[in-house]
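If you want the building blocks of each chain, they are given just below.
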Amino acid sequence: MDNTTRGKLQPYMGMIKLVSAVSGLVIASVGGLYIYINHYLDTNYPIRPEITSKATRKLLRGAALREHIAPDPQIAYMFMLSALEQIYSDGKLDESSEAVQEIIVRMAHAAAQIGEQKPAKQMLETAWDKVVDSDGRIRGLGDSESWRMQHVCRVAEALGPLLMDCGEYKTAIRTYGTALQAARAMQNNDNDSDELLLKQTNYVTSLGEAFAMDKDYESARTLLSSVLVDLKKREQPKNVVDKWTCLDAVVMLDLAQVERQQGNVEKSQQWAETGLQETKKWKRVGACDNCQAHLLSHLAHLSESQENVKEALGYYSLAIKHFQETGTGNMEQMDTASRQLKQRLVESTKQPDDSN
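Along every chain, residues carry numbers that run from 1 in the direction the sequence is written. For a predicted model such as this one, the threshold for reporting local features is a pLDDT of at least 70, and the threshold for listing and counting side-chain atom pairs is 80 or more; totals across whole chains, interfaces and linings nevertheless cover every residue. Side-chain numbers come from the whole structure's heavy atoms, not from hydrogens or water.

Considerations on the packing of helix H5 (residues 98-113) against helix H7 (residues 145-165)
- At a minimum axis distance of 10 Å, the contact between H5 and H7 shows a crossing angle of 15 degrees. When the interaxial angle is binned, H5 and H7 end up roughly parallel. Considering how the two elements wind past one another, H5 and H7 form a crossing that is left-handed. Where H5 abuts H7, its residues Glu98, Gln101, Glu102, Val105 and Ala112 lie against Trp147, His151, Arg154, Val155 and Leu162.
- Note that Gly is not counted as nonpolar here; it falls among the polar residues with everything else outside the nonpolar set of Ala, Val, Leu, Ile, Met, Phe, Trp, Tyr, Cys and Pro and the charged set of Asp, Glu, Lys and Arg. Of the residues that constitute the contact of H5 with H7, the class distribution is 5 nonpolar, 2 polar and 3 charged. Geometry is summarised by axes, namely lines fitted to C-alpha atoms with helices restricted to the contacting stretch, and by angles between N-to-C directions that run from 0 to 180 degrees. Note on conventions: DSSP H or I runs of at least 4 residues are helices, E runs of at least 2 residues are strands, and numbering of each starts at the N terminus. The cut-offs work like this: below 35 degrees is roughly parallel, past 145 is roughly antiparallel, 65 to 115 is roughly perpendicular, and the gaps in between are oblique. Note: crossing handedness is left-handed where the near helix turns anticlockwise from the far helix by less than a right angle, and right-handed where it turns clockwise. Only heavy atoms matter for contacts: two residues are in contact if any of them lie within 4.5 Å across the pair.

Side note on unusual backbone geometry
- At Cys246, a position not held by glycine, the phi torsion is positive, near 70 degrees.
- Of note, Cys246 is situated in the loop between helix H10 (217-233) and helix H11 (247-261).
- Residue classification places Cys246 among the buried residues on the basis of a relative accessible area of 4%. Remark: exposure states derive from per-residue accessible area (1.4 Å probe, protein chains only) relative to the maximum for the residue type, with buried under 20%, exposed over 50%, and partly exposed in between.

Overview of empty space enclosed by the protein
- Buried and open spaces are told apart on a 1 Å grid over the protein atoms alone, a cavity being a set of points where a 1.4 Å probe fits but cannot get out and a pocket being an open set with protein on both sides within 12 Å along at least five of seven lines. Residues with an atom within 4 Å of a point are the lining residues. Grid points are joined across faces, edges and corners, and a volume is the space filled by probe spheres set on the points. A full pass over the atoms with the stated rule returns 1 cavity of 30 Å³ or more.
- In this model, the largest cavity occupies a volume close to 70 Å³.

Some details on helix H15 (residues 331-349)
- A helix is expected to span 1.5 Å for every residue after the first. Given a rise of 1.5 Å per residue, 19 residues ought to cover 27 Å, and the 27 Å separating the end C-alpha atoms of H15 matches this to within 8%.
- For H15, the set of buried residues is Met334, Ala337, Ser338 and Leu341. Buried residues of H15, seen end-on, are gathered within an arc of 100 degrees and therefore sit on one face of the element. Those residues of H15 that are exposed and aimed more than 90 degrees away from the buried face are Glu332 and Gln340.
- On its buried face, H15 is in contact with helix H13 (286-305) and helix H14 (309-326). Regarding the arc, it is the one traced by the directions from the helix axis to the C-beta atoms.

With respect to the state of the cysteines
- Pairs of cysteine sulfur atoms within 2.5 Å are what we label disulfides. Scanning the model with the defined rule gives 1 disulfide in all.
- There is a disulfide in this structure between Cys246 and Cys288, and the S-S distance comes to 2.0 Å. Taking the sign of the S-S torsion, 110 degrees for the link of Cys246 and Cys288, the bridge is right-handed. Of this pair, Cys246 sits in the loop between H10 and H11 while Cys288 sits in helix H13, and the two are 42 residues apart along the sequence. Taken as a pair, Cys246 and Cys288 share a single burial class, namely buried.

Some thoughts on the nonpolar core
- Among buried residues, those of type Ala, Val, Leu, Ile, Met, Phe, Trp, Tyr and Cys that are joined through side-chain atoms within 4.5 Å constitute a nonpolar core. In terms of nonpolar packing, the biggest core is built from 73 residues, with Ile51, Met80, Ile103 and Leu124 touching the most fellow members.
- For this core, the element with the highest residue contribution is H7, accounting for 11 residues.
- Filtering out sequence-adjacent residues up to four positions away, Ile51 remains in contact with Thr56, Arg57, Leu60, Ile87, Leu93, Ala99 and Ile103.
- Counting 20 residues, the second largest nonpolar core, distinct from the first, contains Ala249, Ala300, Leu313 and Ala319.

Some details on the packing of aromatic side chains
- We call Phe, Tyr and Trp rings a pair once their centres come within 6.5 Å, taking the six-membered ring for Trp, and we label the pair stacked below 30 degrees between planes, edge-to-face above 60, and tilted otherwise. This structure, assessed with the given rule, holds 1 aromatic pair.
- Ring geometry for Tyr40 against Tyr45: centres 6.2 Å apart, planes inclined by 65 degrees, an arrangement best described as edge-to-face.
- For Tyr40, a relative accessible area of 28% gives the class partly exposed.
- Should the NZ of a Lys or the CZ of an Arg lie within 6 Å of a ring centre and within 35 degrees of the ring normal, that charge is described as sitting over the ring. Its end group placed over the ring of Trp244, Arg234 keeps NZ or CZ at 4.0 Å from the ring centre.

Structural notes on the pattern of salt bridges
- Counted as salt bridges are all cases of a side-chain nitrogen of Lys or Arg within 4 Å of a carboxyl oxygen of Asp or Glu. For the coordinates displayed, the defined rule picks out 20 salt bridges.
- Across the pair Lys199 and Glu157 runs a salt bridge whose closest N-O atoms are separated by 2.6 Å. Here the residue Lys199 occupies a position in helix H9 (residues 194-213), and Glu157 occupies one in helix H7, the gap between them amounting to 42 residues.
- Three or more residues joined by partner-sharing salt bridges are found here, namely Arg48, Glu50, Glu98, Glu102 and Arg154.

Digging into the side chain of Thr205
- As for its position among the elements, Thr205 is in helix H9.
- Pairs of N or O atoms within 3.5 Å make up the polar contacts considered here, provided that, within protein, one atom can donate a hydrogen while the other can accept it, and that residues adjacent in sequence are counted only when both atoms are side-chain atoms. Here Thr201 takes part through its backbone oxygen, which lies 2.8 Å from a polar atom of the side chain of Thr205.
- Ignoring sequence-local partners within four residues, the contact set of Thr205 consists of Leu224, Val227, Val251 and Asp254.

Shown next as C-alpha cells:
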C-alpha cells in the first residue's frame, strides 16, 4: 500500500472523471451576507475541531456551501479532495479518523450525484467495512459509541439507494437492518429525539421496499403496514410541514406496488387512491407533490393494464396537469403514454372496411 499523501488520495482521484480546472469555486460575498452564510454553515454543518488548519477548514466550508446553499456536487467533491490532501499532508489525522471518514462519505454522496455511482458505491462499501463486520456487528472504529452509531446511519443512507439501484437487494436489506439497529441504540439514549424516530421509520420503509424488490412480498407487506400503524399513532401537528409530512402516502404507494406485483389489482388501486387523497391535503409541498406524481402514474398504468382505457387517460391527464402545476413527475413519459393510448382507442373504434 502506498502510504504517501498521493497514494492515499489515489482511490478518490482515479475513480471520478474530474475536470482539470474549475471556475467559480469561491462565491464573492460582502458584508452581512458573508457573515450570515458563514454563521449558517458553522451552525448547521460544523467542521470538526480536530481539523485545525485554516486553509483546510476554508475548503470544507466551501464544500458545504456547494452541497447545501449553491449546489454543485462536482465542485463540492473537488473542495473535499483538496481538503483531504491537506489533511494527509499534515499527518495529524489518518484515514480511519472520524473526521476523515465523514469527509469520505460526503465525497461519495457528491460522486453519486454527478452520476458516478460505481466509485461512490466502492467508497461507501470501504467506509462500511470500517464500522460493520461481515456478520453485521458494529465495529469499534472511532472514539465513541455514539459516533459509530451515527456513522453507520450516515453510510447506510448513502449506500442503501446505490445497492437498490444495482439490484443488490439482500445486501440492501442487511445494510438498512444494521442502520435500524444503530438508530434504535441511539434512541435508547435519547428517548425524546424526533429525528431518531424519523430515521427508524425511514429505515423500516426502506427495508420494506428492499424486501419487495427481492420478491419477499409478505415481509414487505408486514413491515410497511407496521409503519402505517406507527404513523397513525403519532400526533401530527395540524398545518405544520416537516419531514414526516406525506410519509404515510409514500408507504401507501409502496404497498400499492407490492399488491400490484402480486397481481392484487383491486388492493393496489385502493392503496394508491388512499395515498392520493393524503397528498392532496398538502398544497405546494415538495414531498407530497412528488409522491402524488408517482401515485397518478401508478394508477394510470394500473388502469391501462386492466384495459380500462378511459380511466387510464383520465389519470394520465391528471398527471400531466400535475406536472404543469408543480414541475414534478415525468411529463414526457406521461404524454407519450397518453398519446399512444389515445391512438389505440381510435384504432379500436374504427369501423371495419365494408368494401369487401
